There are 2 protein chains.
Amino acid sequence: MILEIAAIDILPGTHEQFEAAVRTAVETVLSPAPGFVSFELRHGVERPDSYVLLIGWRSLEDHTVGFRESESFVKWRELIGPFFAGAPQVDHWSEVFEAAR
Amino acid sequence: MILEIAAIDILPGTHEQFEAAVRTAVETVLSPAPGFVSFELRHGVERPDSYVLLIGWRSLEDHTVGFRESESFVKWRELIGPFFAGAPQVDHWSEVFEAAR
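From a predicted model like this one, the values you see are computed outputs, not experimental measurements.

Student: Just to check I follow, could you spell out the sheet that holds strand β2 (residues 36-44) of chain B for this structure?
Tutor: Within a sheet, neighbouring strands are paired by backbone hydrogen bonds and run either parallel or antiparallel to one another. Strand order around the closed barrel formed by eight strands is β1(A)-β3(A)-β2(A)-β4(B)-β1(B)-β3(B)-β2(B)-β4(A), with antiparallel pairing between neighbours. Neighbour-to-neighbour, the strand axes of this sheet turn through a mean angle of 35°, independent of strand direction. Bridge analysis of strand β1 (residues 2-9) of chain A against strand β3 (residues 50-57) of chain A gives eight bridges, and the strand direction is antiparallel. Looking across to β3(A), one finds that A:Ile8 is bridged to A:Tyr51.

Student: Where do I start with the relation of the copies chain A and chain B in this structure?
Tutor: Superposition of the two copies of the chain requires a rotation about an axis together with a shift along that axis. Mapping chain A onto chain B leaves a residual RMSD of 0.0 Å; the transformation is a rotation of 180° accompanied by 0.0 Å of translation along its axis. When the rotation and shift are considered jointly, the pair of chain copies conforms to a two-fold rotation axis. Of the residues that chain A buries at the interface, 100% are likewise interface residues in chain B, meaning the two copies contact each other through the same surface.

Student: Honestly, the pairing of β1(A) in this entry has me stumped. Any pointers?
Tutor: Side-chain direction in a regular strand flips from residue to residue, so the side chains alternate between the two faces of the sheet. Direction of pairing for β1(A) relative to strand β4 (residues 89-100) of chain A: antiparallel, over a ladder of five bridges. In the sheet register, A:Glu4 faces β4(A), and the bridge partner there is A:His92.

Student: Mind showing me how you'd approach the interface of chain A and chain B here?
Tutor: Buried accessible area, meaning the area lost when the parts come together, often serves as the stated size of an interface. Facing 31 residues of chain A, the contacting portion of chain B comprises 31 residues. Looking at the side of chain A that touches chain B, the elements with two or more residues in it are β1, α1 (15-30), β2 (36-44) and β4 of chain A. Take the side of chain A that touches chain B: its biggest share by element is 10 residues, from β4(A). Looking at the side of chain A that touches chain B residue by residue, the class counts come to 15 nonpolar, six polar and 10 charged.

Scoring rules and cut-offs
- Residues numbered from 1 in each chain as written.
- Chains lettered and ligands numbered in written order.
- Predicted model: local features only at pLDDT ≥ 70, side-chain atom pairs only at ≥ 80, totals over all residues.
- Pairing = 2+ DSSP bridges.
- Helix = DSSP H or I, 4+ residues; strand = E, 2+ residues; numbered from the N terminus.
- Axes fitted to C-alpha atoms, helices over the stretch in contact; angles between N-to-C directions.
- Least-squares fit on C-alpha atoms with pLDDT ≥ 70 in both.
- Contact = placed C-beta atoms within 7 Å.
- Nonpolar A, V, L, I, M, F, W, Y, C, P; charged D, E, K, R; others polar.

Now the structure itself:
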């Protein structure tokens, strides 16, 4: 599983609207996308106007080709883009190993 | 659960040593730490000399006080620090919501 980490700074004071928009976008656009595995929205402790989206994909191409080149990506950005304070920082990370208590 | 995301650039050509050192450090130092929940090491697709460590903690203070002010943190850095190409970027992220297919 490939993990996409997208770090997003939002416009101050739009937290509730942004979180609601992400929820809608995940339910309607992201969840049905081929190769979508998992989603997590997290809020910055040290940076209160920042969020990270942790998105699991079956493969890199499921995101970079399948999703990004689809009409779904246009809808995704229409829903959550209005709250961005700048361009998101998006990177992909491959598994090495994991551990749990 | 609080997620610590630590982004680390390593010295070129030390990938195998770094990954082995992280494995040892997780097994011997991190896993027994009070409040430790989960650990994931991931490797940069776009940035091959970069890794992220995703570390779940029961609370923020379990990391920032309990772990960082303990002797364990000294051992942790002794094990993995020699491979760092610079200071790690460490941030904490609180839960908003998650979803899965």
